[in-house]
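Chain by chain, the residues run as shown.
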Amino acid sequence: MTAIGAQAQRLLAHRRPQKSFFETLIRSLIILCVAIAVVLSSISVCDGRWLFARGQLFGLWHFCTVSNGSVLKCVTDLSLAQVEGLSVGAIPIRSMVSFAVVVAIFGLELLMVSQVCEDANARRKWSMGSVLILVSFLLSATGVLSFSILVKDHLTFTGFTLTYWCEFVAAFLFFLNGISGLHINSLTHPRNRISGCRFKEMSGVYVISQAPILRVYPAGPMKK
């Protein structure tokens, strides 16, 4: 390829395509939903009381009992709950769900920075942020499932507290938006969007076509 053809190809490769309205809208909704998931997960982890059964409140940080009909007495010694493995198992569970919030915050930051500063690494930042959101899903989902297994003898569908459902919804949002972020990034890849540019060599000339503009350059070496 001649110098003009190579220069034109480099210009087309570095040209940043304009985002459509729907792409901007979808990316904004993903960021909003991830922010909501971070808030829900933070509330759930800070409260930590996930299950109420038989006058007892089981949580990540406290074990509470209801006495005299309304007085709630809480202790931090989870072994008093007399649930096998709860006092030991709660340690990795609360570590996982807490770390999930931290990872999600970093992922959310990368998603936001990729949209505010649209430089050459914007797409890479978006992909990294989406991957971190999926890691948050794995951590939070593992914590929720592990807690449910530990207290399986006390499980009732109506016994789950509001903070438990907050963590459940947050894990679902982490998964949905992490997958959506990676998918939209692959759909809007520049190689898929700049499809109207073609390089052809016909009868000694290079034709660079990009609708609705047609430019013809000689195929010979470029004179300085």
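All values reported here derive from a predicted model rather than from experimental measurement.

## Topic: the overall build of the protein chain
Item 1. The number of helices and strands found in the protein chain is six helices and seven strands.
Item 2. Sequence-ordered secondary structure for the protein chain, helices as α and strands as β, is α-α-β-β-β-β-α-α-α-α-β-β-β.
Item 3. Classification of the 224 residues of the protein chain by burial places 35% in the buried group.
Item 4. Long-range contacts, defined here as pairs at least 24 residues apart, represent 64% of the contacts in the protein chain between residues at least 6 apart.

## Remarks on the confidence of the model for the protein chain
Predicted coordinates in regions of low pLDDT should not be interpreted in detail.
Item 1. Of all residues in the protein chain, 75% attain a pLDDT of 70 or more, and the chain-wide mean is 79.
Item 2. Within the model, pLDDT remains below 50 along residues 193-217, and this stretch shows 54 contacts once partners closer than five positions in the same chain are excluded.

## As for the nonpolar core
Item 1. Judged by nonpolar contacts, the single largest core of 34 residues is most densely connected at Val34, Trp50, Phe58, Leu86, Leu111, Phe147 and Phe174.
Item 2. Mapped onto this core, the elements with two or more residues apiece are α2 (21-47), β1 (49-53), α3 (86-116), α4 (122-150) and α5 (162-187).
Item 3. Tallying contributions element by element places α3 first for this core, with eight residues.
Item 4. Excluding its chain neighbours within four sequence positions, the residues that come into contact with Phe147 are Trp50, Leu51, Phe58, Gly59, Leu60, Leu86 and Ile93.

## Quick word on the sheet that holds strand β3 (residues 63-67)
Item 1. Here we have four strands laid out as an open sheet, ordered β1-β2-β3-β4, and antiparallel in their pairing. The sheet terminates laterally at β1 and β4 (71-75), the two strands that pair on one side only. Averaged over all adjacent pairs, the angle separating strand axes in this sheet is 20°, with direction ignored.
Item 2. One ladder, built from five bridges, connects β3 with β4; its direction is antiparallel. Note that in β4 the partner of Phe63 across the bridge is Val75.

## A closer look at the state of the cysteines
Item 1. Considering all chains together, one arrives at one disulfide under this definition.
Item 2. Covalently, Cys64 is tied to Cys74 through a disulfide, its sulfur atoms 2.0 Å apart. The sign of the 105° torsion about the S-S bond sets the Cys64-Cys74 disulfide as right-handed. Of this pair, Cys64 sits in strand β3 while Cys74 is found in strand β4, placing the two residues ten residues apart along the sequence.
Item 3. Note on Cys64: relative accessible area 0%, which makes it buried.

## Some thoughts on the pairing of β1
Item 1. Pairing analysis gives four bridges linking β1 to strand β2 (residues 56-59), with the strands arranged antiparallel. Residue Phe52 lies in a different strand from β2, and its bridge partner there is Leu57.
Item 2. Counted along the chain from β1 to the antiparallel partner β2, the turn is two residues long, and its residue Arg54 has a positive phi close to 55°.

## Some thoughts on the pattern of salt bridges
Item 1. Summed over all chains, the structure comprises two salt bridges.
Item 2. Note that Arg27 is salt-bridged to Glu23, the shortest N-O span being 3.1 Å. Within this pair, Arg27 and its partner Glu23 are both found in helix α2, separated by four residues, close to a single helical turn.
Item 3. Residue classification places Glu23 among the buried residues on the basis of a relative accessible area of 6%.
Item 4. Among the salt bridges present, the one from Asp47 reaches Arg49, with a minimum N-O distance of 3.4 Å.
Item 5. Since its relative accessible area comes to 27%, Asp47 is described here as partly exposed.

## A short note on unusual backbone geometry
Item 1. If you check the backbone angles, Gln82 has positive phi at about 55° while not being a glycine.
Item 2. In this fold, Gln82 is placed in the loop between β4 and α3.
Item 3. What makes Gln82 exposed here is its relative accessible area of 76%.

Rules of the game
- Residues numbered from 1 in each chain as written.
- Predicted model: local features only at pLDDT ≥ 70, side-chain atom pairs only at ≥ 80, totals over all residues.
- Heavy atoms only, no water.
- Helix = DSSP H or I, 4+ residues; strand = E, 2+ residues; numbered from the N terminus.
- Buried < 20%, exposed > 50% of the residue type's maximum accessible area, 1.4 Å probe, protein only.
- Contact = heavy atoms within 4.5 Å.
- pLDDT = per-residue confidence, 0-100.
- Core = buried A, V, L, I, M, F, W, Y, C linked by side-chain atoms within 4.5 Å.
- Pairing = 2+ DSSP bridges.
- Axes fitted to C-alpha atoms, helices over the stretch in contact; angles between N-to-C directions.
- Disulfide = S-S within 2.5 Å.
- Salt bridge = Lys/Arg side-chain N within 4 Å of Asp/Glu carboxyl O.

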